[in-house]
Amino acid sequence: MKKLFAFVCILLLVACGDPKKDSGAGSNTQRFSGRDFLVLNQGTVLESTEQTLNGTMDIVSVEPLKSKQSNNSFSLEFSLKENGSLTLVANSDNKLENGMNIQFQRSGLPGNEKLTMYLANSDGVYSTKLLKFINPTKSIQVQIEVHNSEKPAHIIVSEGNHSVYNSLGKGRGNGNGNFWGLSFKNAIVNSAEQSEVQGHNHSHGHSDDEDDHDHNHGHDHHHDHDHSHDDHEHDEHGNCKHDHK
Amino acid sequence: MNLFRSAFIAAIALFSTHVSAQQLDGSGLKFSAAADIVGSYKTRNDSTATDKTEVREAEILLTAPIDHRFEGLISFASHREAGESKAELHEAFIKTSNLVPRSNIRFGQFFLGVGRLNRFHRHEWNFITAPKVQRTFFDEEGALDTGLEYTYIMPLPFYMDVTAGVTNGYTYGHSHDEGEKPRQPTHYVRTSVFHPFFWATGAQTGLNYLGRTSSDNTKMNMVGLDFLAKWKEGSMTHFLLQSEIWARRVKAPKVDHEDNFGLYLFPQVGITEEVYFGMLYDFFTNLSLKNALDKKVNNSQQAISPTLTYKASEFSTLRVAYTFGMDKQDSVPTKYDSKVEFQATFIIGAHPAHEF
């Protein structure tokens, strides 16, 4: 019996592989932050190197997430120019559609700038938060967890040791794909990293929900932010929706 | 303090004073409690281990005959989530085995009768952490829902049963809301048979199917095989072999379907009557994975966990396991995991007899 057990154990040993190899990406790709991204759209691009992307672009990671129901953590370092924005799109298709969108928007006149975070799914924006304690004129480093295996997707946003947002109890929908990427406008992106995380057994402090606004169909909410996008649309109830394309 | 946490604490206070009384009143009420304490520690910096010890679960279980036809079971459990212990109703169902000949019926909230791990509470498992296929297809502990389940024992010269169940299906897996009415509720079938296997004392194989169509028309279908064989002599299990193999297809509207496949294999040898050594092998892959250039990506998530168990009795377990995991894409390692886990579980009170 012990010989049978030893034989079975030998069958279970796992071999090591070779170092990472390139994804085979072609000419429409951009190497950035240690991985290949496919460039979907680009406007004015002032700089595009392995360390910095500066301008307006939509990029999707060539390497997919492990599955549609995966849970992932994204670390972003970026800065926004006047009226600039950056959106993390998680668990989307390879066109950055049908995903969970977390957008950071700088707005306001010089000396009175504001940073607002919008959360959206394929139906549009469902939550808005004014980030009073983050200086929108400086470099921003955030960590965003998107637990798409939970229903609805559980989104947690942190800035350093400060918990910015936790969607527990107020999330909406799930992403329907296994890709992720960035859609940014008038922004400088210095780092975008992704790693898989375990499920829902995590511990996060409660965020300051003072400036949270959850969107309910049919209700007219006062939004403490300016709409400064070039294109935005309204749903059938007249509430603002944001086009992240 | 929420309703279920209050009920959980009240039940402990109330019934703990009746533990001895229930032995005298003839009602047959059995009260037991179980706890599952787990510590998980990194052995490399990028490990998924939490670097702490927690009471992963605490459960109280009450069972009793209701009358000459029916029995009842209620259990409450407290789980860790978002840094807090949350108490909730775990299972509550009425069951009968003598209403319809050769049939077991249960109605209420319960762990779905599919697979091997999904049919048993986590503190009764032979290893510490759920394999990837269990976590992905059934959630960390198991798929739980409310509905009706019927098991028929076939009139054959050998043991074979067929189980069919249908449950609400408003949610499936880990959910933070009440979900929505599905287009097709959760439904499942399992057929299991006891059979000879290489001089084993007992071996059981189950074939499983589970399906559901959510409110947004996302279809989920799973098929699986579960297997358990034991070589026993007296009270000692000299060797145990346990495995499950599952495949799942999820098809959401307007997007391509996703196929996943996973399995685990757990051989365990008895060193003494109280000490066991096992090796858990865990494998999972996304068969539909493509990169953004639409190129297929061969991928796998694998782990091995040598596990040492000390069982002074069937009511207490001490366990230590080391896990080494590796994720690969196109044969190239993309992620490693390495951690040590410790576990202590115990059951106090009058726990129902354990199944095979």
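No experiment lies behind these values; they were computed from the predicted model shown.

About the criteria used
- Residues numbered from 1 in each chain as written.
- Chains lettered and ligands numbered in written order.
- Predicted model: local features only at pLDDT ≥ 70, side-chain atom pairs only at ≥ 80, totals over all residues.
- Heavy atoms only, no water.
- Helix = DSSP H or I, 4+ residues; strand = E, 2+ residues; numbered from the N terminus.
- Rg over C-alpha atoms; globule rule 2.2 N^0.38 Å.
- Buried < 20%, exposed > 50% of the residue type's maximum accessible area, 1.4 Å probe, protein only.
- Contact = heavy atoms within 4.5 Å.
- Areas by Shrake-Rupley, 256 points an atom, 1.4 Å probe, with all protein chains shown as cover.
- Polar contact = N/O pair within 3.5 Å; in protein donor to acceptor, adjacent residues only side chain to side chain.
- Patch = residues over 30% accessible without salt bridge, like charges linked within 9 Å, V, L, I, M, F, W, Y side chains within 5 Å.
- Salt bridge = Lys/Arg side-chain N within 4 Å of Asp/Glu carboxyl O.
- Lys, Arg positive; Asp, Glu negative; His and termini not counted.
- Charge placed at Lys NZ, Arg CZ, Asp CG, Glu CD.
- Core = buried A, V, L, I, M, F, W, Y, C linked by side-chain atoms within 4.5 Å.
- Phe/Tyr/Trp six-rings, centres within 6.5 Å; stacked < 30°, edge-to-face > 60°.
- Lys NZ or Arg CZ within 6 Å of the ring centre and 35° of its normal.
- pLDDT = per-residue confidence, 0-100.
- Pairing = 2+ DSSP bridges.

(A) Representation of the overall build of chain B within the structure. A count of helical and extended segments in chain B gives two helices and 16 strands. Taken over C-alpha atoms, the radius of gyration comes to 21 Å for chain B, in line with the 21 Å a tight globule of 356 residues would show. Along the three orthogonal principal directions, the C-alpha set of chain B runs to about 70 × 55 × 50 Å. In chain B, buried positions account for 49% of the 356 residues. Restricting the contact set of chain B to residue pairs at least 6 apart, pairs at least 24 apart contribute 53%. Of the roughly 16300 Å² of accessible surface on chain B, a fraction of 60% belongs to carbon and sulfur atoms.

(B) Region of interest: the side chain of Thr87(A). Residues and elements named next belong to chain A. In this fold, threonine 87 is placed in strand β4 (residues 71-92). The buried category is assigned to threonine 87, whose relative accessible area is 2%. Within polar-contact distance, the side chain of threonine 87 engages the side chain of glutamine 103 at 3.5 Å.

(C) View of a negative patch on the surface. A grouping of Asp177(B), Glu178(B), Glu180(B) and Asp216(B) is seen on the molecular surface, where their side chains present a negatively charged patch. Within the element layout of this structure, Asp177(B) appears in the loop between β7 (160-167) and β8 (184-194).

(D) How the structure looks around the nonpolar core. Ile102(A), Phe104(A) and Ile144(A) are the most contacted members of the largest nonpolar core, which totals 38 residues. Ranked by residue count, the leading element in this core is β4(A), at seven residues. Ranked by size, the runner-up nonpolar core spans 28 residues in total, among them Leu73(B), Phe110(B), Leu112(B) and Phe137(B).

(E) A look at the pattern of salt bridges. Taken as a whole and judged by the stated rule, the model has 13 salt bridges over all chains. With a shortest N-O distance of 3.8 Å, Glu196(A) and Lys132(B) are connected by a salt bridge. You can see Glu196(A) sitting in strand β11 (residues 179-196) and its partner Lys132(B) sitting in helix α2 (residues 132-138), one on each of two chains. The residues Glu196(A) and Lys132(B) share a single accessibility class, namely buried. Put simply, Asp36(B) and Arg56(B) hold a salt bridge, and the shortest N to O gap is 2.8 Å. With Asp36(B) in strand β1 (residues 30-42) and Arg56(B) in strand β2 (residues 52-65), this residue pair connects regions lying 20 residues apart in the sequence. A relative accessible area of 0% means that Asp36(B) is categorised as buried. Put simply, Lys66(A), Glu196(A), Lys132(B) and Asp327(B) are held in one network by salt bridges that share partners.

(F) Structural detail: the packing of aromatic side chains. Residue and element names in this part refer to chain B. Taken as a whole and judged by the stated rule, the model has 19 aromatic pairs over all chains. Taking 5.5 Å as the distance between ring centres and 75 degrees as the angle between the ring planes, the aromatic pair formed by tyrosine 159 and phenylalanine 194 counts as edge-to-face. One end of the pair, tyrosine 159, is in the loop between β6 (144-153) and β7; the other, phenylalanine 194, is in strand β8, and 35 residues separate them in sequence. An aromatic cluster is present here, built from Phe197, Phe198, Trp199, Phe227, Trp231 and Phe239 joined pairwise through their rings. Looking at arginine 106, its charged tip hangs above the ring of phenylalanine 93, at a distance of 5.2 Å from the centre. Over the ring of phenylalanine 284 we find lysine 132, and its NZ or CZ is 5.7 Å from the ring centre.

(G) Broad picture of the environment of Ala187(A). Residues and elements named next belong to chain A. Along the polypeptide, alanine 187 turns up in strand β11. In sequence terms alanine 187 and threonine 56 are 131 residues apart; their C-alpha atoms lie 6.8 Å from each other. Once residues lying within four places of it in the same chain are set aside, the contact partners of alanine 187 are Leu53, Asn54, Gly55, Ser79, Leu80 and Ser85.

(H) Spotlight on the confidence of the model for chain A. Residues and elements named next belong to chain A. For chain A, mean pLDDT is 79; residues scoring 70 or higher make up 70% of the total. Confidence drops under pLDDT 50 across residues 14-23; counting only partners more than four residues distant or on other chains, this segment forms 24 contacts. Taken as a whole, residues 217-245 scores under 50 in pLDDT and shows 53 contacts with residues more than four places along the chain or in a different chain.

(I) Layout of the pairing of strand β4 (residues 84-96) of chain B. Residues and elements named next belong to chain B. Two strands pair when backbone bridges link them, and β4 and strand β5 (residues 103-111) are joined in this way by five bridges, in the antiparallel orientation. Note that in β5 the partner of isoleucine 94 across the bridge is phenylalanine 107. Between β4 and β5, which pair antiparallel in sequence order, lie six residues; one of them, arginine 102, sits at a positive phi of approximately 60 degrees.

(J) Representation of the pairing of strand β13 (residues 275-286) of chain B within the structure. Residue and element names in this part refer to chain B. The buried fraction of β13 is high, at 10 of 12 residues. When strand β12 (residues 258-270) meets β13, the two strands line up antiparallel, connected through nine bridges. Residue pairing across strands places tyrosine 264 opposite aspartate 282, the latter belonging to β13. The turn linking β12 back onto β13 is made up of four residues. Inspection of the sheet shows β13 paired to strand β14 (residues 299-313) by 10 bridges, in the antiparallel sense. The residue bridging phenylalanine 284 from the neighbouring strand is glutamine 301, located in β14.

(K) Molecular detail of a nonpolar patch on the surface. There is a patch of nonpolar side chains on the surface, built from Ile66(B), Ile94(B), Phe107(B), Leu148(B) and Val166(B) and spanning about 430 Å² of accessible area. For Val166(B), the position within the fold is in strand β7.

(L) Looking closely at the side chain of Ser67(A). Within the secondary structure layout, Ser67(A) lies in the loop between β3 (53-61) and β4. A polar side-chain atom of Ser67(A) sits 3.2 Å from the main-chain amide nitrogen of Gln69(A). Once residues lying within four places of it in the same chain are set aside, the contact partners of Ser67(A) are Asn91(A), Asn178(A), Glu258(B), Asn260(B) and Asn286(B).

(M) Summary view of unusual backbone geometry. Along the chain, Lys151(A) connects to Pro152(A) via a cis peptide bond; the corresponding omega equals -10 degrees. Structurally, Pro152(A) is set in the loop between β8 (140-147) and β9 (154-159). Its identity as a non-glycine residue notwithstanding, Leu96(A) has a phi of 60 degrees, on the positive side. Among the secondary structure elements, Leu96(A) is positioned in the loop between β4 and β5 (100-107). Overall, the relative accessible area of 13% leaves Leu96(A) in the buried class. Notably, Lys254(B) is not glycine yet its phi reads approximately 70 degrees, a positive angle. Using a relative accessible area of 85% as the deciding quantity, one classes Lys254(B) as exposed.

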